[in-house]
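Listed here are the chains, written in short residue letters.
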Amino acid sequence: MDKQSLAKTTKDILNKYNIKLNKNLGQNYLIDRNKRDQIIDFGNITKEDIVLEIGPGIGTLTCELASKAKKVIAIEQDPTIFDILKERLENENITNVELINDDALNVDFPEFNKIISNLPYQISSPITFKFLEYDFDTAILMYQKEFANRMKGKVGTKDYSRLSAMLYFKCEVELLTNVSAESFIPKPKVDSTVIKLSPKIPEFKGELSNLAISEINEDDFRLYSKFTKALFQHKNKKARNALIDSRHEVSSLDKKEFKNKLNSITSTKINDLLSERVLKISPENILFLSKQLDPILN
Ligand SMILES: C[S@@+](CC[C@H](N)C(=O)[O-])C[C@H]1O[C@@H](n2cnc3c(N)ncnc32)[C@H](O)[C@@H]1O
């Protein structure tokens with residue numbers, strides 16, 4: 001089985017069960033063996049690792065991950081694909097995979113320390129924000145190429161986004177390799193990029209202590225998240241107007257009170273930042289604004 005091409009293995013499984021892949025679930029299956037092996041290698045998996053995989057499909061990554069890790073937790077939403085994978089794991093005597101048939105956005109993840117996934121692209125944004133709620137050592141993730149670029153978007157550029165601002169304090173983001181549309185069936189309209197996330201978490205000790213230390217504590221990050229969400233709903237507006245329009249994200253004041261509070265601010269630095277367009281405000285300055293404004297607006 002391992003010697004034949006990944007394209008043939010994949011097509012044989014899909015034909016055997018007469019599966020028509022569903023675009024709405026992001027079902028583009030990887031058929032490039034070299035890229036699959038690269039993704040697995042990027043994970044540096046050992047027998048200590050518990051790997052979370054979102055969207056295992058028919059098991060292209062799952063079976064390889066299982067042979068290297070202590071355990072794999074694989075969450076697949078499509079019940080038909082889930083049954084096929086369950087049968088495949090049984091046939092191949094793979095016993096260290098916990099398969100969950102659910103929407104990954106709706107389940108609490110069991111304990112894990114690495115994430116390795118060729119993600120369903122229609123949930124790229126919410127699943128990435130969900131990953132940030134968990135502690136993990138490394139994530140190797142495949143996204144649509146443009147989305148991956150936005151994860152690294154620098155202030156003032158078109159790629160600067162809520163996502164890049166949120167990742168800025170939480171993770172190092174490395175673009176590892178591009179994957180062309182030809183590497184999947186059916187062939188998608190977009191190219192893909194594999195990235196690595198390495199969290200900046202001060203608690204990491206021992207082997208992981210070489211990771212960069214985050215300069216933001218959890219309370220500050222919660223505030224920062226709220227303001228980032230509010231601001232980036234209107235990233236081309238001036239911060240003052242963006243906040244007024246999204247005030248429900250950061251305050252319970254009504255519009256008039258909210259505007260009055262903003263107008264009562266005398267600090268030049270705060271007023272200068274409020275007059276700046278959102279996409280020009282650096283993460284450090286968003287953090288500064290959120291810490292200064294929260295007590296005023298609440
Ligand atoms: C891009 S395919 C990847 C399949 C396989 N890992 C591969 O590399 O070929 C994404 C998979 O995610 C599943 N999926 C889509 N939305 C999901 C969700 N919300 N939760 C869990 N799985 C989902 C799809 O059914 C599909 O099998």
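Residues numbered from 1 in each chain as written. Predicted model: local features only at pLDDT ≥ 70, side-chain atom pairs only at ≥ 80, totals over all residues.

By the naming in an unreviewed UniProt entry, the protein is Probable ribosomal RNA small subunit methyltransferase A, taken from Methanobrevibacter woesei. Looking at the protein in UniProt, the text filed under Subcellular location (unreviewed entry) is "Cytoplasm". (UniProt positions renumbered as here; feature names shortened; annotations may be inferred.)

Visitor: Is there a simple way to think about the UniProt feature "binding site: S-adenosyl-L-methionine" (unreviewed entry) in the protein in this case?
Guide: Taken from the UniProt record, the annotation "binding site: S-adenosyl-L-methionine" (unreviewed entry) applies to Asn28, Leu30, Gly55, Glu76, Asp103 and Asn118. Its place among the elements puts Asn28 in the loop between α1 (6-16) and β1 (29-30). Discounting residues that sit within four places of it in the chain, Asn28 has contacts with Phe184, Pro186 and Pro188. Within the secondary structure, Gly55 sits in the loop between β2 (50-54) and α3 (62-68). Under the C-beta neighbour-count criterion, Gly55 is labelled buried, with 23 such atoms within 10 Å. (Helix = DSSP H or I, 4+ residues; strand = E, 2+ residues; numbered from the N terminus. Contact = placed C-beta atoms within 7 Å. Buried ≥ 20, exposed ≤ 12 C-beta atoms within 10 Å, placed from the backbone.)

Visitor: I keep staring at the domain arrangement of the protein and nothing clicks. Help me out?
Guide: Domain annotation for the protein reports domain 1 (2-199) and domain 2 (206-297). On the side of domain 2, 16 residues touch domain 1, which itself brings 13 residues to the contact. With 6 residues, helix α7 (residues 162-170) is the single largest residue contributor to the side of domain 1 that touches domain 2. (Domains from an automatic or database assignment.)

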